[in-house]
Amino acid sequence: MGDSNYIIDCCGIVDRWTANFDGTSGSHTVYFQIWRPSSGSSYELVGQNSMSVSSDGEQSISVGTANQITIKSGDRWGWWTSGTDIITYKKGGGEEDDNYMMSLSSTNVGDIVNWGSATIENDRSYAVRVDTQSNDSPTFTNLPSTVSIVAGTPSGTQLITVSVNDVNTDDISTLSVSLVTATTKYNFDSSTLIVTTSSSLGTTSSVDTLVFTVSDQCSNTATSTFTVSITNEPPEIHGLPSSNSISEDETVETLLHTINATDPEGSVTCTLASSVPSSYPFTVKMIPSTTSYGVYSDSSPGFSYNTQNQYVLTVECTDGEFTDTGTFTVYIVQNTPPVFINLQNSTSVSTTSAVGSNAFTVLVSDAENDDLIYSMTCDPSPCPFNIYNSGQIQISEDLSTHTIVGYDLNITVNDGRNTVGPSLLTITIADLNDPVVINNLPVTRVVAENTVITTSVFDVNFTDIDTSQSHSFSMSSTPTDGLTYFFIDGSSGLVSVITSPDFESLATTTFVFNVTVTDPVTSDSGLMTIQVTNVNEAPSFSQAAYSLSTTESVSGTIIGTPSFGISDPDSGDSYTLTLDCGTETGYFSMLGTTGEVSFQSNYDLDTGSVPTSVSCTVNVTDAAGLVDTAALTISIDDINDNTPIFSPTSYVFYVNYYASVGTSVGTVTATDGDIGNYGILTYTLDQSSLSAEYFSIDTSGDITVKTSLVGSPLGYASTITISSTVSDSGGLSDNSSVVITISDTTTTSTTTTTVSYLKFIDDPKNIAWLVVSVIIFTVCFVFAGYLFYTCHGQNSVSSIMKYGGRSKKARISKVNKRRRSSIYSIDDNFDTINRSVRQPPPPAGMILKILYILLVLR
């Protein structure tokens, strides 16, 4: 790995391996290997040749073409054998050869091995050699070659797949092919080696030579060419020569002919090359939404049959290289003048005919259906008629006041090229009318605001000589909103109120009406003025009922101001508010100007004498004494304004040590000034100072035994002090102390606040041990006298000492057993004692047993 003798400094192939072998007893296989640096101290095994060795001495192996390993500069070479190294070496001489050895169980081409842990042998020179030679250059297997295509070949057409090979099989997978020629007409995929056409192939004939290069991993290269021959076919126009005709009156752009041109290579471009005459109002262009070209006449071409009655057009189509031509002839068709059908003629109209109504329709025929333009003159002039391009003659003025009996109309028509006429039309006017006249206008009327609808204000009076005619009435107003309040009957002429006017809301109080009476022919008009006057109106509430919500409170507390929204049609009129709540009126007061409501006296729901909802009547009175009323409901909610209080503030109770669960201990009591929900009380006990909750308390304050006291840390004659809390639903509370004395007898509970201290003789525990002590002392005294009497002095003392010592041992040995076992032990001990004191009389033995039992029980 480190010795330069094992580092390859060229690129080529392995040709031969040579080595000197020693110690080849039997048959051995040696693998000559090429390792390539991977990363760090890791190397990849890129190739190996095996050699079977069965004898010592120098031996060589020539590597066949199929097994030749391609080498690169920087590769390392070495060998692998199973078991003992059989290639000879010389050791010593002080050379730093940097030879590396490592135990590998197997070697496969492609393995990557980290040689960082290999053993270095710096003092060995091996008898081994590798011979290399240059590798062969790659070759193209299907180039050079030539292909022919047409100019219209589509983009993406595959032309050839380049094929390459290499004698050195290791080089085949590394071969790289590239297109040297710069081109936009062809695409080459270097991964698939496929050559295809691109979108820029073009439409003209050409011969393109593409140069390709192939190289192997040792940079050996080969070059070859691929020739593409592109041929172009000329376009062809079908269906020409041809012809079409067009009227000399045509003014819009018109398609005259669709050109049918084809080209093997794709699309063509067509133009109008020339014309006879040389000046022409035509063009050749692409027909919209198609791929075809068409021959069009220009917009407003200015055709004139008399000036030029035909055009010969030359059309040319090209594919960019070749062209084809054809001729197209356009014939101009001459226009025919229009002809009157119903003139000369005469007609009559009535004086009652409306303006815009049709008096006569002129009929004209035109072979080309050209747009016709009519004109006329009138005698006498001016005349009350107009003629339109539709041929209609319409009344343009009101004929009811005309006095001329008839008019002569001279009419002409033009189709854009020819003018025909004038021709005569006579129109006479029939049934002339006498005018109608209004007799009682102008006039002024005064109407008070709030006048009742349908009240009559004015009746129009008129005269008309034509008594048989019908008449109608109408009127307009200044300002226009006068028609909102006043109406004229169209058949009778009676003016009346349709909307009661409100003086305060009117933008103006004076309305001027133009009143018109009309007969079937004429009409007459006059002015009527109506003035609206003001009257006083009552104030009013915006709604019928209101409500306020508050809580019980003291006199002077503001409850709120209802949103009365009082309105008074009389601008600037003042008003006063008053409040009437019946029997509860004395509890409330209202400001007359704002309507603010407040408590006039203390309002306490806890007394039970006042309601939670009060119904009131509110009156609003204007300066003139007009009144409106509304209902007001005042809702008063209860609040938690009283704190619960214990009475008394402390308690002393007694309970028996053996009392059962549920036994009553005593009752604590509290009061709360609130009624309802806020007067509901809850009691709790704080027993955190105790080892467990031994007592419970209910909603009435009754304290009972919750957990049996027997066996608990609370013994006889113990006294505990806990805290009791009373709370209402609003979170207000009070505390009291509760003293509970535990005894073996039931003592009547007391609720006095005076705590009595126990005397020595009152404590049950003191009584218990005092009684036992007196009994023990008495027994001992009697027993001692008995011993002195029966044992005669010194022997009795010895017996006492002996008894005392042995009984002590007996007592200690049984101290942890149950009470029944202890009694059994007592019997055994006393048997021993009796024997040690030489069988004292039975009374003495019984006394000792009783004494010992009492000691154990204590």
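Our subject in this report is the structure included herewith. Just so you know, these numbers come straight off a predicted model, no measurement behind them. (Residues numbered from 1 in each chain as written. Predicted model: local features only at pLDDT ≥ 70, side-chain atom pairs only at ≥ 80, totals over all residues. Heavy atoms only, no water.)

The next subject is the environment of Ser 525. On the secondary structure map, Ser 525 appears in strand β47 (residues 523-533). Sequence separation of Ser 525 and Ser 474 is 51 residues, and the distance between their C-alpha atoms is 9.3 Å. Apart from the residues lying within four places of it in its own chain, the contact partners of Ser 525 are Ile 438, Asn 514, Val 515 and Thr 516. A polar contact is formed between the side chain of Ser 525 and the side chain of Thr 516, at a distance of 2.7 Å. (Helix = DSSP H or I, 4+ residues; strand = E, 2+ residues; numbered from the N terminus. Contact = heavy atoms within 4.5 Å. Polar contact = N/O pair within 3.5 Å; in protein donor to acceptor, adjacent residues only side chain to side chain.)

Here the focus is the sheet that holds strand β32 (residues 358-361). If you walk across this open sheet you meet the three strands as β32-β36-β35, and the pairing is antiparallel. Across the chains shown, the open sheet's two edge strands, defined by having one partner strand only, are β32 and β35 (385-387). If you compare each strand with its neighbour and ignore which way they point, the axes differ by 20° on average. Pairing geometry for β35 and strand β36 (residues 392-395), over three bridges, is antiparallel. Paired with Ile 387 across the strands is Ile 393, a residue of β36. (Pairing = 2+ DSSP bridges. Axes fitted to C-alpha atoms, helices over the stretch in contact; angles between N-to-C directions.)

Glancing now at a nonpolar patch on the surface. A cluster of nonpolar residues, Phe 777, Phe 781 and Val 782, forms a patch on the protein surface that exposes about 370 Å² of accessible area. Relative to the helices and strands, Val 782 resides in helix α2 (residues 764-791). (Patch = residues over 30% accessible without salt bridge, like charges linked within 9 Å, V, L, I, M, F, W, Y side chains within 5 Å. Areas by Shrake-Rupley, 256 points an atom, 1.4 Å probe, with all protein chains shown as cover. Salt bridge = Lys/Arg side-chain N within 4 Å of Asp/Glu carboxyl O.)

Considering only enclosed or pocket space, the largest pocket measures out at about 560 Å³ in volume. Every residue lining the largest pocket is counted, 23 residues in all, and those nearest its centre are Trp 79, Tyr 100, Met 101, Met 102 and Trp 115. Elements represented by at least two residues in the lining of the largest pocket include exactly β2 (28-39), β6 (76-81) and β8 (99-101). Counting residues per element, the lining of the largest pocket draws most heavily on β6, at six residues. Within the lining of the largest pocket, the residues separate by chemical class into 12 nonpolar, eight polar and three charged. Surrounding the second largest pocket, Glu 248, Asp 249, Glu 250, Thr 251, Asn 369, Asp 370, Asp 371, Ile 373, Asp 415, Gly 416 and Arg 417 form its lining. (1 Å grid on protein atoms, 1.4 Å probe; cavity = no way out; pocket = protein on both sides within 12 Å on 5 of 7 lines; lining within 4 Å. Points joined across faces, edges and corners; volume = space filled by probe spheres on them. Nonpolar A, V, L, I, M, F, W, Y, C, P; charged D, E, K, R; others polar.)

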